[in-house]
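Structural characterization, general
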Amino acid sequence: ADFDAKRKRKLAKIYQALNSDPIDVAMLRRMAISEGGLLTDEIRCKVWPKLLSVNTDDLPPLPAGKELREDSKDYQQVLLDVRRSLRRFPPGMPDEQREGLQEELIDIILHVLKRNPQLHYYQGYHDIVITFLLVVGDRLATALVEKLSTHHLRDFMDPTMDNTKHILNYLMPIIDQVNPEVHDFMQSAEVGTIFALSWLITWFGHVLSDFRHVVRLYDFFLACHPLMPIYFAAVIVLHRKQEVLDCECDMASVHHLLSQIPQDLPYESLISKAGDLFVQFPPSELTKEAAQAAQAERTAASTFKDFELASVQQRPDTVLRQRFRERLRGEERLRGEDRTKSILTKPRTNRFVKLAVMGLTVAAALAMVKSALEWAPKFQLQIFP
């Protein structure tokens, strides 16, 4: 009964904010962030446009899909991704209805890309678009996604991954502020932040199986600063601190643990923690640490030769042996047999081996390191199962 009463009060407040003149957007933001979010999809259809300042009275008609598809350089990649998106549709939805929605999904994406040639499609973008399509329908979804793509998602839609990597660089400083022990453990394991990439660029749409949790997070993210998803990612890691600290301290183990996101997270308490952290440690205060993290990434560039060699030979072990032979030649002064043994056993801990174990393909590893590689849409990110 208490829950119902709370819900009724919240509904009343939301409609009061929508009906006031001018619309009380600040109140709508508070409602979207506070417990339970916006409650229903019917309300989301009314409130999401207000949170993104999209005028719903003036929605452009959608163009014919056929011309869009013939003109688009991204069509083939979008088609592949949309075909693979079956599990993002509600279970039990009739095939015919789902196929119709998949066609709409393709058209929305191509429409936004055509109208904004500065935007580059990336794998995972369709996970965001599908969420809007399922909640608000195709015409409104197109307008909202276009606004979002030129604002919140703008950094992910650059020709290179530089800005996306920059956003990921905020993750460790946030963790460090709250729990230096977890931060230091992750640093020692050299796990990096790749495990959170698919969370960030799909706003968790790709990794959470329950649609209700996804839309609840979208309420939150739409009402907040564009960096909020990275705070939420930090809060998930911190929530699992004991599991992390109990893990083997190496890249493969920690990456594996963190990239498998638990489905039974306490979303409401995590959302409120993420909000608190944002207020306590705003992005402006973390900028310095994020920049230092970027500096530290130079070490990855030093292993770039390994990646290049590996992509030619496709045999990491031969590459490593070759590199260590070279190093041995350079160490002629230390001819002792023990010395040779110790160097030959070193490859086990080499970063390259760790990356290989993480299941990143060479292409993905290359693109992570050499972000100038034009990564979308041609290159397949293997972090999307």
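Quantities reported herein were computed from a predicted structural model and do not represent experimental measurements.

1. A closer look at the side chain of R69
In this structure, R69 sits in helix α4 (residues 65-71). A residue is classified by how much of its surface remains accessible, and R69, at 17% relative accessible area, is buried. Leaving out residues up to four positions away in the same chain, R69 has contacts with Y75, E103, I106, D107 and L110.

2. Examining the pattern of salt bridges
Two side chains bearing opposite charge may form a pair once their charged atoms approach each other closely. Under the definition given, this model contains 17 salt bridges. The residue D107 makes a salt bridge to R69 at a minimum N-O spacing of 3.1 Å. One end of the pair, D107, is in helix α6 (residues 95-115); the other, R69, is in helix α4, and 38 residues separate them in sequence. R69 shares its class with D107; the two are buried. When salt bridges that share partners are traced, they join D41, R44 and D219 into one network.

3. A few points about the environment of I167
As for its position among the elements, I167 is in helix α9 (residues 162-168). Taking the relative accessible area as the measure of exposure, I167 reaches 8% and is therefore buried. Remark: the alpha-carbon pair of I167 and L197, spanning 30 residues in sequence, is separated by 9.7 Å. If near-sequence neighbours (up to four positions away) are discounted, I167 is found in contact with D155, F156, L200, L227 and I230.

4. With respect to the UniProt feature "transmembrane region" (unreviewed entry) in the protein chain
Annotation from UniProt places "transmembrane region" (unreviewed entry) at residues 191-208, 220-238 and 352-369. When the span residues 220-238 is considered, its composition is 79% helix and 0% strand, and the gap between its end C-alpha atoms is 19 Å.

Definitions and limits used
Residues numbered from 1 in each chain as written. Predicted model: local features only at pLDDT ≥ 70, side-chain atom pairs only at ≥ 80, totals over all residues. Heavy atoms only, no water. Helix = DSSP H or I, 4+ residues; strand = E, 2+ residues; numbered from the N terminus. Buried < 20%, exposed > 50% of the residue type's maximum accessible area, 1.4 Å probe, protein only. Contact = heavy atoms within 4.5 Å. Salt bridge = Lys/Arg side-chain N within 4 Å of Asp/Glu carboxyl O. UniProt positions renumbered as here; feature names shortened; annotations may be inferred.

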